[in-house]
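As a plain string of letters, each chain reads:
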Amino acid sequence: MQLTVVGSGYVGLVAGACFADLGHPVILVDNDQTKLGALRSGVIPIHEKFLPELLRRHLGHNLTLSDDLAAAVGKSDAIFVAVGTPPTGTGEADLSYVESVARGISGAINDYKVIVEKSTVPVYTSDWVRKIILRNAAAPDSFDVASNPEFLREGTAVADFLYPDRIVVGADTPRCARVLREVYAPMTDGSYYRKEDAIPAPNGAQIPPPLITTSAKSAELIKHASNAFLAMKISFVNAVASVCESVGANVQEVCKGIGTDSRIGSRFLNPGIGYGGSCFPKDLMAFRAVARECGYDFQLLDEVMRINDDQRQRFLRKVRSALWTLPGKRLGVLGLAFKGGTDDIRESPAILLVQALQQEGCRIVAHDPAAMARAREVLGSKVELVDSPYEAASGADALLILTEWEEFADLDLDRLRKQLKYPIVIDGRNLYDPDEMAAQGFTYYSVGRTAATPAAPIKAAEAAAGRS
Ligand code: NAD
C-alpha cells in the first residue's frame, strides 16, 4: 500500500520508518523545512533505539521526504495524520494543525482515500475532519476518516510500534477497516516477524499482536482513557508513597504486594516525582475538557493532576529538609529528560524542579545522557551541563536523581561519595536500596521510604585521612 504520514515528529518519524520496514512505500510529509533538511542530510532529530538503523535502511528507498502534501495524498491509499495537538490555554486540545492538514488533504482527493488520525485527539475529531473535507468539496464516498491511536512510548518507540500490545483500528465503514487491516497485515499475519532483519522482539512481546476494530469514536476514547488510566496509576502510587512516608512503611514493599495481584499488575506502579512528557499532562487536560463539554464532570482527573503537581512540591520540601537553607547551595542533578531512554524534555518534572531550585538560589550542575542539548535551549547558560554523573556530583552539597536512566542505577558509589562535598543523595526515582546506600556512607532520601543514614560518617573519616 502507498502510505503518507503527515508530521515527522516523534510519532510520525517512527511510524513512517516502521511502516517502511513492514514493506510499504511511505511518503513522510512535514512543513518544517529545517526538519526535512536535517533528515535529508542524515541528522536524526530524536534519540530512539533502532531508529537510525531503520532510517539507514529505508530513507531514499521505501521512505521518501516531502513538503508537498497534495502530491503525496494524490499518490496514497491511506494518509496518517501525526501532527501535534498541544493544549490551549484552557486545557482543550488545539486541533488547528489537524484542521489545516484536513484542508490540505481535501483538495487532493483523486480516488478513494482513508484519512487516519494517528495524533491523539478528542472524541468527535473524526466527525470534524470529515466535515472539513466535505466543506472543501470532496465527494462523500471518496474518503473515510479512521482513528488509529498510537501507544508508543518514547525511548522504546520503534519496538513499541512493531510489537504493540494491540492495534486499535477505529473505522466506521467496512471498506475503511479493510484498508487499515491491510496496512497492518505484515504484523497481524506474522510475516514481518519471520523476516531475518526484523527489529528484534522485546521480552514478553505478543506475536502476532491482536487488532481490535471499533468505531472511530471508541478508538478516540480508547487513547484518552488509556493515558488517563496510566496517569491515575502513577498518581495513585505516589499518594500511597506519601502515606508510607508518614507511617514509616516502604512503598516498594507495598507495590510488590499490590502489583502481584494480576487484576492490578506491577507496571506503572513506580513512585517518583510524577509523570511528565508531551502526552500525559496534555491528554489528561484534553480528556477532562472534552468530558466537561459532553456533560460529564470528570473530577477524578483533577485529583490525578493535583497529586502529580503536589509530588514535585513534596520533593522540593525533601531537598529543603535535607539541606536546611538553599541559597548558594551547589546541587548535582542526574537527569533532565522526562523519563529515561529519551531526549524529550517536554513537561519534564526534572526541568521543572531544576527551575524551581534555581529560583530558590541553588547552583545546578546537571548531567543527562541524551537531553542536554534540548535542556540547554530551555535552561539557558545558568545551569552547568557536564559530561558524567561524577562531574555533576563533584563538590556538590547533595546529589539529586531526577530521571530513571539505567546508567544512573549502576553508579560506582565509592567514587560518587568521594566526589560529593557532603554524601547526601536525594533520589526522586528510587533507583537505590536505602540500606545499601547507608552502608556505602550516604544519607539517602527517596520516595515513600524512610530516609537512611550511615551508621558511621565515612566522609568525615575519609576527610580525616586526607582521602576526600
Ligand atoms: P511533534 O511535535 O514531535 O511532531 C509534530 C510534527 O508535525 C512536527 O514535525 C511539525 O513540523 C509537523 N507539522 C505540524 N503541522 C504540519 C502540517 N500542517 N503539515 C505537515 N507537518 C506538520 O509531535 P509528536 O510528539 O510526534 O506527537 C504527535 C501526535 O501524536 C500528538 O497528538 C501526540 O499527542 C500523539 N502521540 C505522541 C506520542 C509521543 O510519545 N510523543 C505517543 C502517542 C501519541
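Residues numbered from 1 in each chain as written. Predicted model: local features only at pLDDT ≥ 70, side-chain atom pairs only at ≥ 80, totals over all residues. Heavy atoms only, no water.

(A) Examining the domain arrangement of the protein more closely. Domain annotation of the protein identifies domain 1 (3-212), domain 2 (223-307) and domain 3 (311-467). On a C-alpha basis, the centres of domain 2 and domain 3 stand 25 Å from each other. Counting from both sides, the interface comprises 20 residues of domain 2 and, opposite them, 22 residues of domain 3. Ranking the residues of domain 2 by area buried against domain 3 places Glu-245, Ile-273 and Gly-277 at the top, with a combined share of 41%. Inspection of the domain 2/domain 3 interface yields two salt bridges. Lys-318 is the salt-bridge partner of Glu-245, the closest N and O atoms lying 2.7 Å from each other. The tally of links between domain 2 and domain 3 comes to 12 residue pairs in polar contact (both at pLDDT 80 or more). Of all the secondary-structure elements, those providing two or more residues to the side of domain 2 that touches domain 3 are α10 (216-247) and α11 (251-259). Grouping the amino acids of the side of domain 2 that touches domain 3 by side-chain chemistry returns nine nonpolar, 10 polar and one charged. (Domains from an automatic or database assignment. Contact = heavy atoms within 4.5 Å. Buried area = accessible area lost by both parts, 1.4 Å probe. Salt bridge = Lys/Arg side-chain N within 4 Å of Asp/Glu carboxyl O. Polar contact = N/O pair within 3.5 Å; in protein donor to acceptor, adjacent residues only side chain to side chain. Helix = DSSP H or I, 4+ residues; strand = E, 2+ residues; numbered from the N terminus. Nonpolar A, V, L, I, M, F, W, Y, C, P; charged D, E, K, R; others polar.)

(B) Focus on the pattern of salt bridges. Evaluated as defined, the whole model comprises 24 salt bridges. Ionic pairing is found between Arg-153 and Asp-160, a salt bridge with its closest N-O pair at 2.7 Å. Put simply, Asp-302 and Arg-288 hold a salt bridge, and the shortest N to O gap is 2.8 Å. With Asp-302 in helix α13 (residues 299-323) and Arg-288 in helix α12 (residues 280-293), this residue pair connects regions lying 14 residues apart in the sequence. Asp-302 sits in the partly exposed class, given a relative accessible area of 32%. (Buried < 20%, exposed > 50% of the residue type's maximum accessible area, 1.4 Å probe, protein only.)

(C) Up close: the layout of surface pockets. Estimated volume of the second largest pocket: approximately 370 Å³. Around the second largest pocket, the lining comprises 18 residues; the ones closest to its centre are Ala-93, Leu-95, Pro-122, Thr-125 and Trp-128. Taken together, the elements giving at least two residues each to the lining of the second largest pocket come down to α5 (96-106), α6 (125-135) and α12. Taken together, the residues of the lining of the second largest pocket sort by class into 13 nonpolar, two polar and three charged. (1 Å grid on protein atoms, 1.4 Å probe; cavity = no way out; pocket = protein on both sides within 12 Å on 5 of 7 lines; lining within 4 Å. Points joined across faces, edges and corners; volume = space filled by probe spheres on them.)

(D) Here's a closer look at the side chain of Arg-429. Note that Arg-429 resides in the loop between β13 (424-427) and α18 (434-439). For Arg-429, a relative accessible area of 14% gives the class buried. In this structure the side chain of Arg-429 is engaged in a polar contact, spanning 2.8 Å, whose partner is the backbone oxygen of Leu-402. With near-sequence residues (within four places) excluded, Arg-429 lies in contact with Ile-273, Gly-274, Phe-338, Pro-349, Ile-401, Leu-402, Thr-403 and Glu-404.

(E) Spatial organisation of the site of the ligand. Taken together, 27 residues lie near the ligand, and Asp-30, Lys-35, Thr-85, Glu-154 and Lys-282 sit nearest. Taking Lys-35, its side chain carries an N or O atom lying 2.7 Å from an oxygen atom of the ligand. At 2.7 Å from a nitrogen atom of the ligand is found a side-chain nitrogen or oxygen belonging to Glu-154. Relative to its unbound accessible area of 840 Å², the ligand is 89% covered by the protein chains. Those elements that place two or more of their residues in the shell around the ligand are α1 (10-22) and α5. In terms of residue count, the dominant contributor to the shell around the ligand is α5 (three residues). Looking at side-chain class alone, the shell around the ligand contains nine nonpolar, 10 polar and eight charged residues. When residues of the shell around the ligand are sorted by domain, at least three fall in each of domain 1 (3-212) and domain 2 (223-307). (Near = heavy atom within 4 Å. Areas by Shrake-Rupley, 256 points an atom, 1.4 Å probe, with all protein chains shown as cover.)

(F) How the structure looks around the side chain of Thr-403. Residue placement: Thr-403 occurs in the loop between β12 (398-401) and α17 (413-419). Among the polar contacts made by the side chain of Thr-403, one reaches the main-chain amide nitrogen of Leu-336 at a distance of 3.3 Å. Setting aside chain neighbours within four positions, we find Thr-403 in contact with Leu-334, Gly-335, Leu-336, Ala-337, Lys-339, Gly-340, Ala-350, Asp-368, Phe-408, Arg-429 and Leu-431.

(G) Focus on the packing of aromatic side chains. Within this structure, the stated rule accounts for nine aromatic pairs. Here Phe-19 and Phe-80 contribute two aromatic rings whose centre-to-centre distance is 4.7 Å and whose plane-to-plane angle is 45 degrees, an arrangement assigned as tilted. Linking Phe-19 in helix α1 with Phe-80 in strand β4 (residues 78-81), this pair joins segments that are 61 residues apart in sequence. Accessibility classification places Phe-19 together with Phe-80 in one group, the buried group. An aromatic cluster is present here, built from Phe-19, Phe-80, Phe-161 and Tyr-184 joined pairwise through their rings. (Phe/Tyr/Trp six-rings, centres within 6.5 Å; stacked < 30°, edge-to-face > 60°.)

(H) The arrangement of the pairing of strand β9 (residues 330-334) in detail. β9 sits mainly inside the fold: five of its five residues count as buried. Sheet topology places β9 next to strand β10 (residues 363-367); five bridges connect them, and they run parallel. By the bridge assignment for β10, Gly-332 is matched with Val-365. One crossover worth recording links β9 to the parallel β10 by way of helix α14 (residues 349-359), and it is right-handed. (Pairing = 2+ DSSP bridges. Right-handed = clockwise from strand over helix to strand, strands pointing away.)

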